[in-house]
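Listed here are the chains, written in short residue letters.
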Amino acid sequence: MGMFERDTDIYRDRDALREDYQPEQLVGRDEELDTYQTTLQPVINGEQPNNVFLYGKTGVGKTAATRYLLDHLQSDAAEYDDIDLSVVMLNCDGLTSSYQIATRLVNEFRDDTDQISTTGYPRAAVYDMLWNELDTNGGTILIVLDEVDHIEDDSILYQLPRARANGNLETAKTGIIGISNDFSFREDLSPKVRSSLCEEEIHFPAYDATELQQILQQRADVAFHESVLEEGVIRLCAAYGAKDAGDARQSLDLLMKAGDIARDDSAEHVIDEHVRQGRTSLERGRIREGIGGLTQHGHLVLYAVLTLDQQGKTPVRSRDVRPRYTSMAERAGINPLVTRRMRDHLSELIMLGILDVTERNEGRRGGTYREYSVSMDPELIISAMADTVELVGIHESIEKLLERESTSTLQDYQ
DNA sequence: ATTCCACCGGAACGTGTGGGGG
DNA sequence: CCCCCACACGTTCCGGTGGAAT
């Protein structure tokens, strides 16, 4: 027997729980798929494709539906000699500008050996390269921009649909499929862009609890061997996704995590307890990821709120976070940021789900302000920070603070 | 209805970093 | 080598906001 043994596995096909798994049937999206299919029809007819705008919360099947239909579209298009269809899918997460999108698109069309840098060129030069690539490729080109709301300027969304009219493209017919979690993104678009990008709109509503359970069941049937899942596991995972507005992805991630934990335990069944452990583990990962991406100052601000929380001083308004933050910065030998900037860091921590905020208004006497509190187990955050953050002297301060917590002598920090 | 508080958050501007092309 | 470009992160300035107080 070697060092590695095959796990006696509860899984039949674990990949069925992965996000990129493509089930043969999409649950609960019949209407949306119908409309979607109709808007793609022109492609098969060899006409100029429609631009489509899909919106709906995360994990409601927008991307899945797109992949599903485009797969079919591509294989069906292959039946017709006069149709030359290319599909480019680009996730805009982490890309903030049209410029970034343009460079990525150029690279999508280019050989691995011929990639361009994502910075450095004049904007117009990148667009020229893009038109060039599109025209060289030719035919019908569908460009899917997933999470398109991450782009902060309209430019590419304005340019792409008009490229042909503006004489930048000769042969290629392009269609854009924009996918967004954020409906307000649509409102923020300039009217010209909105009318072209959003000529067809499809709304994906959140899954309800029943649909979520159906989806989980469908995947679980493939993923696990029979009767591995204990009664209630599916329901628990579905509830987890449902609390955050019908998010199937979250539910599936959790189910997979629970399965993995069960497997590590060499358990024969996945039980509620595994799901609960999975939740903590996912949560931990999320925090770690969020914290890893913070600036030094972001860490200091977080530390400030954490220590205040440990002293029972939360919820705390930004005004009262400030002195703690400055003294933290001093300890670390770093110049503290200006108040305005500190508030930005607080907001960022909220976006990451690490802090909570409530808006308060005391009117003429007190004015409006926000109160911050720690939104999850401080121990989790502290352990994540200990791993990802290097700030001389600060960890020690925190640890002392936590120890002294019990003896409640905290003058040091007053 | 109007005033006023306190701070929120947008916007314009500055600086440092890293990659371009010629 | 030079100067150009985009971008992340900060600072400065300031108009906006919503509800208690008047």
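In this text the structure is predicted, and so the values were computed from the model without any measurement. Going along each chain's sequence as written, the residues are numbered from 1 onward. Each chain gets a letter, beginning with A, and each ligand a number, beginning with 1, in the order they are written. Local features in this predicted model are restricted to residues whose pLDDT is 70 or higher, and side-chain atom pairs enter the listing and the counts only when it is 80 or higher, whereas totals over whole chains, interfaces and linings include all residues. As a convention, hydrogens and water are excluded, and side-chain values are obtained from all of the structure's heavy atoms.

1. Here's the deal with the confidence of the model for chain A
Confidence scores per residue from the predictor, reported as pLDDT, run from 0 to 100. In the predicted model, chain A carries a mean pLDDT of 86, and 92% of its residues have values of at least 70. Numbering of helices and strands starts at the N terminus; helices are DSSP runs of H or I of at least 4 residues and strands are runs of E of at least 2. Of all secondary-structure elements in chain A, the lowest mean pLDDT belongs to helix H17 (residues 394-407), at 54, while strand E8 (residues 368-374) reaches the highest, 95. Note that pLDDT drops below 50 for residues 405-414; the model gives that stretch 18 contacts with residues more than four away or on any other chain. Two residues form a contact once any of their heavy atoms are found within 4.5 Å.

2. A look at the sheet that holds E8
Taken together, the three strands give an open sheet; going across it, the order is E6-E8-E7, and neighbouring strands pair in antiparallel fashion. The sheet is open, and its two borders are formed by strand E6 (316-317) and strand E7 (355-361), each paired with just one other strand. Here, a strand pair is defined by DSSP locating no fewer than two bridges between the strands. Note that E6 and E8 share two bridges and pair antiparallel. Across the sheet, the residue bridging to arginine 317 is glutamate 371, located in E8.

3. What about helix H13 (residues 318-332)?
Helix span, expected: 1.5 Å multiplied by one less than the number of residues in the helix. Across its 15 residues, H13 extends 20 Å between first and last C-alpha, which sits within 8% of the 21 Å expected from 1.5 Å per residue. Only protein chains enter the accessibility calculation, which uses a 1.4 Å probe. A residue is then buried if its area is under 20% of the maximum for its type, exposed if over 50%, and partly exposed in between. Those residues of H13 that fall on the buried side of the exposure criterion are Val321, Arg324, Tyr325, Met328, Ala329 and Ala332. Buried residues along H13 cover an arc of 145° about the axis, so they all sit on one side. Opposite its buried face, H13 presents the exposed residues Arg319 and Glu330, each directed more than 90 degrees away. With its phi angle positive at about 70°, glycine 333 sits one or two positions after the end of H13. Regarding the arc, it is the one traced by the directions from the helix axis to the C-beta atoms.

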